Amino acid sequence: MSNPWLTIIGGGLAGLSLCDELLSHFRKLQQPLPGRIVIVERREHCGDNQTYSFFSKRPPIALPYSKFSQWSFSQQTTSQVLLKKGFRFNYYRLRGVDVFQQLLTRIGQHPQVELQLGVDAESYPVTSEQVVDTRPCDAGQMRVKQSFVGVEVELPYYIDPNTVRLMTNMRMLDGCFTFDYVIPLSPRKALIEVTQFAVEPASLDTLSGYLQQTLHALGVTKPPSRHERGILPMGLQCQYADRLGSQQIRSATGYGYLETKAWARRSAQAIMYQRPVDYVAQSAHQRWFDERLLRVIEQQPEQLPRVFMQIASRLSADNFARFMSQPTVLTLLKVIAAAPKRTFLRTLHD
Ligand SMILES: Cc1cc2nc3c(=O)[nH]c(=O)nc-3n(C[C@H](O)[C@H](O)[C@H](O)COP(=O)(O)OP(=O)(O)OC[C@H]3O[C@@H](n4cnc5c(N)ncnc54)[C@H](O)[C@@H]3O)c2cc1C
């Protein structure tokens, strides 16, 4: 058999989305692929059962989704609950199983795509000229970590199905900025997570203990139907030149779904027109701003509940959504104007 045209290392969201984009480009051009695409995935299967949530002006195409037009914030030390209603932006939630099923159906049917499952790239002899490496970074490369544990549970009461509690009960625990996240799945069901932003990864056992406290406070008594956990990079120690290495995940927020899809679109174009794949996915102004937020997490974590509360209260809901997704220079200037001045100025010194 001839050598493959392209090898994609990693069959996660990025690797499968890149393959899907390439197939769609060639389909539109009504041309066959120049050769086979091989996807090398270490696990025995592609896909996962996590959820992908994000702010967007448009709903996702051809996927079932939930939509939330309001998001709320609260701090443990005050009883104030801030409720924001989006006009142009909504918060969307996709189920990982749907996302992967769609990708795998489209990719799996193509005669020129070969999925090598249960194969470690370290021991795989790559013979194609082109290789795209989507392996994530190691924990040691993450400057700050977003650690979270969550469960899907039934609630003993009805909740507003239009409102996601985005950063609720913001507090300091063990010197780390901590908050709860509650996303309704139905009027009586929710995904409830406890998240920490910190330099060190949280012990997932400790976080599970905090989650139990949150569930108790919310009156949850029934056992969960699904678990979700992760440690995501917020800022990377090194920028890989020849590997995606989680660079599409937003340094300041951990959001990565839309960024990964956008990276896959750009990279497919680059491959089609024989340009090198660009792995660094963020704009210079976004990196500059995210660096300020990383410094607050590293040096002044105790300020974070106030920082997020103040930014959320002074920005419109749409501007907060823009800040969390793909902020323009103007959005970031508005965020800086909204943030506590002293905290922000301290991040300008090394
Ligand atoms: C539990 C969880 C919840 C999340 N929730 C959200 C959310 O709500 N919103 C959002 O925007 N983002 C979210 N994210 C971030 C999101 O996961 C990322 O944006 C995106 O999934 C990253 O895709 P990826 O393909 O780059 O990485 P991955 O999905 O990690 O895929 C990389 C693949 O490479 C494979 N691999 C690794 N090493 C090797 C090797 N040596 N050989 C072969 N294969 C290898 C892995 O097995 C994996 O399948 C969440 C992440 C997690 C973990």
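Quantities reported herein were computed from a predicted structural model and do not represent experimental measurements.

Quick notes on the rules
Residues numbered from 1 in each chain as written. Predicted model: local features only at pLDDT ≥ 70, side-chain atom pairs only at ≥ 80, totals over all residues. Helix = DSSP H or I, 4+ residues; strand = E, 2+ residues; numbered from the N terminus. Rg over C-alpha atoms; globule rule 2.2 N^0.38 Å. Buried ≥ 20, exposed ≤ 12 C-beta atoms within 10 Å, placed from the backbone. Contact = placed C-beta atoms within 7 Å. Near = placed C-beta within 6 Å. Nonpolar A, V, L, I, M, F, W, Y, C, P; charged D, E, K, R; others polar. Pairing = 2+ DSSP bridges. Axes fitted to C-alpha atoms, helices over the stretch in contact; angles between N-to-C directions.

K.L.:
Got a sec to walk through the overall build of the protein chain? Specific residues and values, please.
P.N.:
Looking only at helices and strands, the protein chain features nine helices and 14 strands. At 21 Å, the protein chain has a C-alpha radius of gyration in line with the 20 Å of a compact globule built from 350 residues. Taking the principal axes of the C-alpha coordinates as reference, the protein chain spans close to 65 × 50 × 40 Å. For the protein chain, with 350 residues in total, the buried portion stands at 40%. A separation threshold of at least 6 residues defines the contact pool for the protein chain, and within that pool the share at least 24 residues apart is 76%.

K.L.:
Which residues make up the site of the ligand, and what values go with them?
P.N.:
Lining the immediate environment of the ligand, one finds 31 residues, of which Gly-10, Gly-12, Ala-14, Gly-230 and Gly-256 sit closest. Residue assignment for the shell around the ligand shows that the elements contributing at least two residues are helix H1 (13-28), strand E2 (37-41), strand E3 (51-56), strand E14 (226-236) and helix H4 (257-272). Among the elements that take part in the shell around the ligand, E3 stands out by supplying four residues, more than any other. Split by residue class, the shell around the ligand holds 13 nonpolar, eleven polar and seven charged.

K.L.:
Requested: an account of the environment of Tyr-240, with residues and values cited.
P.N.:
Its place among the elements puts Tyr-240 in the loop between E14 and H4. Residues in contact with Tyr-240, not counting those within four places in the same chain, are Gly-245, Gln-247 and Tyr-279.

K.L.:
Let's hear about the sheet that holds strand E7 (residues 90-95): which residues, and what values?
P.N.:
Reading across the sheet, the three strands line up as E3-E7-E4 and stay open at both edges, with antiparallel pairing between neighbours. Strands at the two margins of the open sheet, each flanked by one partner only, are E3 and strand E4 (66-68). Taken over all neighbouring pairs, the strand axes of this sheet differ in orientation by 20° on average, direction set aside. When E4 meets E7, the two strands line up antiparallel, connected through three bridges. Bridge assignment links Phe-68 to a residue of E7, and that residue is Tyr-91. Docked against the sheet, helix H2 (residues 96-108) engages E3 and E7, running at close to 65° with respect to E7.

K.L.:
I'd like a description of unusual backbone geometry, backed by residues and values.
P.N.:
Despite not being glycine, Asn-169 shows a phi value in the positive range, around 60°. Position of Asn-169 relative to the elements: it lies in strand E11 (residues 163-173). For Ser-246, which is not a glycine, the phi torsion comes out positive at approximately 70°. Locating Ser-246 in the fold gives a position in the loop between E14 and H4. Residue Ser-246 is classed as buried on the basis of its C-beta count, with 23 C-beta atoms lying within 10 Å.

Limitation: the analysis is restricted to geometry and does not speak to function.
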